[in-house]
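This is what each chain is made of:
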Protein chains: 2
Amino acid sequence: MHKQSAALLRLTHTFTYRISRQIRTRLVVVALFTGTPASLLHAAEWEISSRNLPSPAGASSELNASIAASPRPNIASRQYYPKTVEEWNAVIAQRAAARTKPLAEVEEQFGVTIAADEIAGVGVFRIQPNNIQPAHEKHLFLYLHGGAYVYNGGIASVGEAAVIASRAGIPAISIDYRMPPADPFPAAVDDLVSVYQETLKIHNPAEIAIGGTAAGGGLALAGVHQFKTLELPVPGAIYAGTPWADLTKTGDTLFTNEGIDRVLVTYDGSLEAAALLYANGHDMKDPRLSPVYGDFSGFPATFLITGTRDLFLSDTARTHRKLRSAGAIADLHVYEGMSHADYAFELASPESKDIYAELAGFLEQHLR
Amino acid sequence: MHKQSAALLRLTHTFTYRISRQIRTRLVVVALFTGTPASLLHAAEWEISSRNLPSPAGASSELNASIAASPRPNIASRQYYPKTVEEWNAVIAQRAAARTKPLAEVEEQFGVTIAADEIAGVGVFRIQPNNIQPAHEKHLFLYLHGGAYVYNGGIASVGEAAVIASRAGIPAISIDYRMPPADPFPAAVDDLVSVYQETLKIHNPAEIAIGGTAAGGGLALAGVHQFKTLELPVPGAIYAGTPWADLTKTGDTLFTNEGIDRVLVTYDGSLEAAALLYANGHDMKDPRLSPVYGDFSGFPATFLITGTRDLFLSDTARTHRKLRSAGAIADLHVYEGMSHADYAFELASPESKDIYAELAGFLEQHLR
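The sections below set out a description of the structure shown in this document. (Residues numbered from 1 in each chain as written. Chains lettered and ligands numbered in written order. Predicted model: local features only at pLDDT ≥ 70, side-chain atom pairs only at ≥ 80, totals over all residues. Heavy atoms only, no water.)

### Some remarks on the interface of chain B and chain A
Part 1 of the argument: Listed per partner, the contact involves 66 residues of chain B and 66 residues of chain A.
Part 2 of the argument: Taken over both partners, the interface formed by chain B and chain A buries close to 6,000 Å², and the fraction arising from carbon and sulfur atoms is 55%.
Part 3 of the argument: Summed over the three residues of chain B that lose the most area to chain A, namely Trp46, Arg51 and Asn52 of chain B, the buried surface amounts to 14% of that side.
Part 4 of the argument: Counting across the chain B and chain A interface gives eight salt bridges.
Part 5 of the argument: Measuring nitrogen to oxygen at the nearest pair gives 2.9 Å for the salt bridge that ties glutamate 358 of chain B to arginine 321 of chain A.
Part 6 of the argument: Between the two partners, chain B and chain A, sit 34 residue pairs in polar contact (both at pLDDT 80 or more).
Part 7 of the argument: Elements with a contribution of two residues or more to the side of chain B that touches chain A: α1 (2–23), β1 (45–48), β2 (51–54), α2 (61–68), α8 (253–256), α10 (313–325), β10 (330–335) and α12 (350–366) of chain B.
Part 8 of the argument: With eight residues, the top contributor of residues to the side of chain B that touches chain A is α10 of chain B.
Part 9 of the argument: Two elements, strand β1 (residues 45–48) of chain A and β2 of chain B, share four bridges in a ladder whose sense is antiparallel. If you follow tryptophan 46 of chain A over to β2 of chain B, its bridge partner there is leucine 53 of chain B. (Contact = heavy atoms within 4.5 Å. Buried area = accessible area lost by both parts, 1.4 Å probe. Salt bridge = Lys/Arg side-chain N within 4 Å of Asp/Glu carboxyl O. Polar contact = N/O pair within 3.5 Å; in protein donor to acceptor, adjacent residues only side chain to side chain. Helix = DSSP H or I, 4+ residues; strand = E, 2+ residues; numbered from the N terminus. Pairing = 2+ DSSP bridges.)

### Quick word on unusual backbone geometry
Part 1 of the argument: Cis geometry is adopted by the peptide bond preceding proline 181 of chain A, which originates at proline 180 of chain A and carries an omega value of 5°.
Part 2 of the argument: When you line up the elements, proline 181 of chain A lands in the loop between β6 (172–175) and α6 (187–199).
Part 3 of the argument: A cis geometry characterises the amide bond from phenylalanine 185 of chain B onward to proline 186 of chain B, with omega recorded as 5°.
Part 4 of the argument: Considering the arrangement of structural elements, one finds proline 186 of chain B in the loop between β6 (172–175) and α6 (187–199).
Part 5 of the argument: Despite not being glycine, threonine 242 of chain A shows a phi value in the positive range, around 35°.
Part 6 of the argument: Checked against the element boundaries, threonine 242 of chain A lands in the loop between β8 (237–241) and α8 (253–256).
Part 7 of the argument: A residue is classified by how much of its surface remains accessible, and threonine 242 of chain A, at 0% relative accessible area, is buried. (Buried < 20%, exposed > 50% of the residue type's maximum accessible area, 1.4 Å probe, protein only.)

### Quick look at the packing of helix α5 (residues 159–168) of chain B against α12 of chain B
Helix-helix packing is characterised by the crossing angle of the two axes and by the distance between the axes.
Residues and elements named next belong to chain B.
Part 1 of the argument: Look at α5 against α12: their axes get within 9 Å of each other, and the N-to-C directions meet at 65°. Like other packed secondary-structure pairs, α5 and α12 cross with a definite hand, here right-handed. Of the residues in α12, those in contact with Glu160, Val163, Ile164, Arg167 and Ala168 of α5 are Ser352, Lys353, Tyr356, Leu359, Ala360 and Leu363.
Part 2 of the argument: Looking at the contact of α5 with α12 residue by residue, the class counts come to seven nonpolar, one polar and three charged. (Axes fitted to C-alpha atoms, helices over the stretch in contact; angles between N-to-C directions. Left-handed = near helix turned anticlockwise from the far one by under 90°. Nonpolar A, V, L, I, M, F, W, Y, C, P; charged D, E, K, R; others polar.)

### Comments concerning the pattern of salt bridges
Part 1 of the argument: Applying the stated criterion across every chain, the model contains 26 salt bridges over all chains.
Part 2 of the argument: For glutamate 346 of chain B, the salt bridge identified is with arginine 262 of chain B, shortest N-O distance 3.7 Å. Of this pair, glutamate 346 of chain B sits in the loop between α11 (342–345) and α12 while arginine 262 of chain B sits in the loop between α8 and α9 (270–279); the two residues are 84 residues apart in sequence, bridging distant segments of the chain.
Part 3 of the argument: Within the structure, one salt-bridge network assembled from shared partners comprises Arg321 and Arg324 of chain A together with Asp354 and Glu358 of chain B.

### Points about the relation of the copies chain B and chain A
Both copies of the chain are related by one operation, a rotation about an axis with a shift along it.
Part 1 of the argument: Superposing chain B onto chain A takes a rotation of 180° plus a shift of 0.0 Å along the axis, which leaves an RMSD of 0.0 Å. The superposition of one copy onto the other is thereby described by a two-fold rotation axis. Within chain B, serine 50 of chain B has its C-alpha nearest the rotation axis, a separation of 2.1 Å.
Part 2 of the argument: Both copies share a contact surface, since 98% of the interface residues of chain B are interface residues in chain A too. (Least-squares fit on C-alpha atoms with pLDDT ≥ 70 in both.)

### What to know about the sheet that holds β10 of chain B
Residue and element names in this part refer to chain B.
Part 1 of the argument: Strand order across the open sheet formed by eight strands is β3-β4-β6-β5-β7-β8-β9-β10, with mixed pairing between neighbours. Sheet topology places β3 (112–119) and β10 at the edges, where each strand pairs with a single neighbour. Sheet twist, expressed as the mean angle between neighbouring strand axes with direction ignored, is 20°.
Part 2 of the argument: For strand β5 (residues 140–144) and strand β7 (residues 208–213), the ladder comprises four bridges, and the chain directions are parallel.

### Some points on the packing of α6 of chain B against helix α7 (residues 215–229) of chain B
Residue and element names in this part refer to chain B.
Part 1 of the argument: Look at α6 against α7: their axes get within 10 Å of each other, and the N-to-C directions meet at 65°. Classified by the interaxial angle, the pair formed by α6 and α7 is roughly perpendicular. Crossing geometry of α6 relative to α7 is assigned as right-handed. Here Ala188, Val189, Leu192, Val193 and Tyr196 of α6 lie close against α7, whose contacting residues are Leu219, Gly223, Gln226 and Phe227.
Part 2 of the argument: A class-by-class count of the residues in the contact of α6 with α7 yields seven nonpolar, two polar and no charged. (Parallel < 35°, antiparallel > 145°, perpendicular 65-115°, else oblique.)

### Focus on the pairing of strand β3 (residues 112–119) of chain A
Residues and elements named next belong to chain A.
Part 1 of the argument: Strand direction decides the pairing type here: β3 and strand β4 (residues 122–129), joined by eight bridges, are antiparallel. Its bridge partner lying in β4, valine 112 is registered against proline 129.
Part 2 of the argument: Counting the residues between successive antiparallel strands, the hairpin from β3 to β4 contains two residues, one of them, alanine 120, with a positive phi of roughly 50°.

Below, the structure is given as structure tokens:
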């Protein structure tokens, strides 16, 4: 009965959302009376007027300078998305060309050594920091890059892994998991599982952290759901940086922060297209695709990051609540004026430094 | 030098904000070159277009039903504010009349016993739960009510204190602190200090929690700053529910969530008027007025609550960051689709139940 009500509610929401998008009614109320007050369901849609948004004065001057140098987030510019495999591959190649920094430069910048390798047939990059923390000598950070499950493969996947390895003084392996269009879901999850299983032959699970930003954070959470299904032990800690924990258009801040988040800007268009390409027809609420819908019992200590302008603030906060309700240790940090993953780009900002220092402390506290 | 830059940045922000409000420019860039890259300061203002905001599908059906029953937040309706002492007193009396629930009803509803009393000349309500947790027999929750430092005095101040006493099984004292127009700042802080000092004659500081929602959360934080100044020991724990930690118009979500938060709606108008009435000409960035600007070193474990639609999401998150940077234990929880203090009104919602259960666990963990 309760499950049915929830399903009806979801249907109702989808229905009223679509209707109201078309006919622009301000308020649609659908009441399904099924016997209890809680099931007297409603759906409201409010028209929110335009407003002027000043710089976030409470954020650092560095972040403010970066925001001032950004153009106003342009929703229309995100409406384009590739329509064919050829178009996808062209856009992916174009982005990869723009982001390819020689590994030697990354090594120099962060004080790490990087080696390309394969684990269980999956491409990886092994990242060894020059300054390993004594506490982390036996530990390992399994890193999963972001990029909407479509972008940032290859050597671009090393970026944030090198930052974390360097700032926390922990050896890292960045997994260059397979992606669409050639290899949609569940290839990425399968690759993570393969590498994790090999890693378990060398490490105790409590020595392993797993995580990343955006799709990487989502994939880490999805992977742990899958580990549980496969009866593998869970790792010692998770890093979920503004995780794409829900591939559907559900989170409240997808709406409240639309046109405010300067990185993602909007769910409609390119982001939704990436979700559909990756999901490849699977149920988007499968916890291996949208981990927020999974059962979080038995999850390890999880570190979550988001910002007040983040389109994925809701995904991050909802995941935090699910973890807490399941009894997990889960630390949520929200940064003033930050859009999605700003910290991974603005490495010199105090916010970014603070995040990686917090993460370093978290890993030191929770890995065994 | 750094201090001067910060002061200049603030001035610049204020200036560009005022200018842009008047002439409606979309982007104002002010660069003050003072010799270092970080001091190349900018201020951006973006025009954010109107949007349709659906119900927060990821929130509970109870919260959704309550939101659907709310009118769309109306910014214009908050532009009125009292202009004279007589008008203030009339509005305060009107609100008090609307909110006065007999204490016997509160006692019955929450399973508590309530007694009016005085401590050090300050009016208080002693709230004894029927179900005291064994761990809390020697503990005390010093409660500070919300209401923008103007409203909810008298027996209205008992509401959330009774909820906390009941849900956590802890004895509570709700402080009916003095308020403007008769008694502006620092009367409320002084009353808190007086009651706290008396309480310290009976309790170890580690046995005392202090906190509240909105102005109550802000006052708790402000009070602890003042305890430190007076070299009083800090309490064992703080509850800062969507605290009004900054009385100035600074927080990012005052802008991003304007017209979205169904409780506060907007800073402009009645809320700002209350801030000015309370501050009574004092510097609004005095940490006893806007505690986010204080030094948080030595603060006790602090529990912070906010929501994705909360006008004070930024105040809450910024306070959390200041606490973390000072090395304090600080747990932040963000609830999907929640406006400012929704949980204190929607007591039957799963979100509200979860918040008070989290708070109960926090108090059990941190009080000694």
